[in-house]
Amino acid sequence: MSRHLPVYLLLDCSESMVGPPLDAVEVGVHSMLQALKRNPYALETVNLSLITFDAKARIIQPLSDVVSVAPPILSIKPGTALGAALTLLRESIERDLVKTTREVKGDWRPLVFILTDGSPTDDWRGPADRLKNAKSSLASIYAIGCGEEADFTILNQVADVCIHMASLSPESLAKLFVWLSASVQSMSSAPDDAIDLRKIPLEKGLELVDQADPPNRSSTADRRQYLHVMCCRTKRFYLLRYVQDPFNHGFVCQDAVPLPDDFFSEGAVKSPPIDANLLNGSAPCPYCHNEEWAQCGFCKHLFCFDPSSVGMKLTCPVCEMTLTMSLDGGGDFSVDGSQG
Ligand SMILES: [Zn+2]
Ligand SMILES: [Zn+2]
């Protein structure tokens, strides 16, 4: 039996990844799999596992040889449960790896890649410590923080090496998976427990983070606000994204993106209410193109509405109470926000 190189991909599927970034991650994993299946060393050596995390963490692909791995279908949910993902990772490492004994040479030290674009919404510190403090640390952990919101003060404490990818564009994500694939292939041809992937040249758009001086993004929680809005015509949810206004107090609307129908299937993660007066601008409903959103005075849910209907009677699409609308932003009501 040959020794295996276990490779774990931990993929952030929180709502901030909705749309093109998540599609690009799916495509990236797919092309990485194809490359590994063509590489004789990888075929022989690599065992791959995929773990996703949002409000919960799941092993969507248990550790197995690359031939048995099917391309994953990823879906978006609220939340960034990095701590839960690290716990699943540790349990899998402890359970699924062949350990070295007097008779058998066990598996190589696992390679772990964490791909995330935000800050954890659960307790990550305990799980990170348990992973690192286990006998001589269980794995080589690489964290790839994407976009401007990745919190390297946290990732630094979780990973051995942090890489910053400034853009979350599909092109950048494709390059990231080229690098991941090259790294895994290179390791599989000459496995070594003292892995240092820093020797493998980074693709353009990727940058090693100086761990002594990480980019300061500690106030990420305040940098964006996400609203869940129900379309009053289709009754489907979309995500209205606001980013901190660099010039003024408050947030400006970035875009509105459809949410998958199973988005709330495991319960929404609520964060403290925010002041609607701090939210500037809006984006049309991606389903019916209504230009505004409002909050139901009864059930407090948000829904899209047509500004020309101000003053007329409307029915809340969530609780079906009859409402008379006045424009949002004028009053001082607050709305439920969420951070993915
Ligand atoms: Zn609508
Ligand atoms: Zn309502």
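Residues numbered from 1 in each chain as written. Chains lettered and ligands numbered in written order. Predicted model: local features only at pLDDT ≥ 70, side-chain atom pairs only at ≥ 80, totals over all residues. Heavy atoms only, no water.

Asks: Tell me what's going on with the coordination of the zinc ion (ligand 2), and back it up with residues and numbers.
Replies: For a metal with four tetrahedral donors the ideal donor-metal-donor angle is 109.5 degrees, whereas six octahedral donors ideally subtend 90 or 180 degrees. Here the zinc ion (ligand 2) is held by C296 (SG), C299 (SG), C316 (SG) and C319 (SG), and the distances to it run 2.3 Å. If you look at the zinc ion (ligand 2), its four donor atoms make angles of 108 to 114° with each other, and the shape they trace is tetrahedral. Along the chain, the residues donating to the zinc ion (ligand 2) fall in the pattern C-x2-C-x16-C-x2-C. Remark: C316 occurs in the loop between β15 (313-315) and β16 (322-324) and C299 occurs in the loop between β13 (292-295) and β14 (302-305); sequence separation between them is 17 residues. Residue classification places C299 among the partly exposed residues on the basis of a relative accessible area of 23%. (Donors = N, O, S within 2.8 Å, 3.2 Å for Na, K, Ca; no water. Tetrahedral: all angles 85-135°; square planar, octahedral: opposite > 155°, others 65-115°. Helix = DSSP H or I, 4+ residues; strand = E, 2+ residues; numbered from the N terminus. Buried < 20%, exposed > 50% of the residue type's maximum accessible area, 1.4 Å probe, protein only.)

Asks: Can you break down the nonpolar core residue by residue, with the values?
Replies: Counting residues in each nonpolar core, the largest one holds 50 residues, and the members touching the most others are L9 and F113. For this core, the two domains that each supply at least three residues are domain 1 (5-208) and domain 2 (223-335). Core analysis: the next-biggest nonpolar cluster, separate from the first, contains 29 residues, L10, L97, V112 and F152 among them. (Core = buried A, V, L, I, M, F, W, Y, C linked by side-chain atoms within 4.5 Å. Domains from an automatic or database assignment.)

Asks: Give a detailed account of the layout of surface pockets, specifying residues and quantitative values.
Replies: Its boundaries defined by the atoms lining it, the second largest pocket holds a volume of some 320 Å³. Residue lining of the second largest pocket: 16 residues in total, with E149, L168, R224, V243 and Q254 positioned closest to the centre. In terms of residues, the lining of the second largest pocket owes the most to one element, strand β9 (residues 237-244), which gives three residues. Of the residues in the lining of the second largest pocket, the class split is six nonpolar, three polar and seven charged. (1 Å grid on protein atoms, 1.4 Å probe; cavity = no way out; pocket = protein on both sides within 12 Å on 5 of 7 lines; lining within 4 Å. Points joined across faces, edges and corners; volume = space filled by probe spheres on them. Nonpolar A, V, L, I, M, F, W, Y, C, P; charged D, E, K, R; others polar.)

Asks: I'd like to hear about the pattern of salt bridges, residue by residue, with values.
Replies: For the structure shown, the criterion picks out seven salt bridges. One salt bridge in this structure joins R90 and E94, with 3.5 Å as the shortest N-O distance. Pair noted here: R90 and E94 are both in helix α3 (residues 82-96), with a separation of four residues, about one helical turn. The exposure class assigned to R90 is buried, which follows from its relative accessible area of 14%. (Salt bridge = Lys/Arg side-chain N within 4 Å of Asp/Glu carboxyl O.)

Asks: Outline the sheet that holds strand β4 (residues 111-116), listing residues and values.
Replies: Overall, mixed pairing links the seven strands, which are arranged β3-β2-β1-β4-β5-β6-β7 in an open sheet. Strands at the two margins of the open sheet, each flanked by one partner only, are β3 (57-65) and β7 (206-208). Sheet twist, expressed as the average angle between the axes of neighbouring strands with direction ignored, equals 20°. Of the strands in this sheet, β1 (5-12), β2 (46-53), β3 and β4 are in contact with α3, which crosses β3 at around 30°. (Pairing = 2+ DSSP bridges. Axes fitted to C-alpha atoms, helices over the stretch in contact; angles between N-to-C directions. Contact = heavy atoms within 4.5 Å.)

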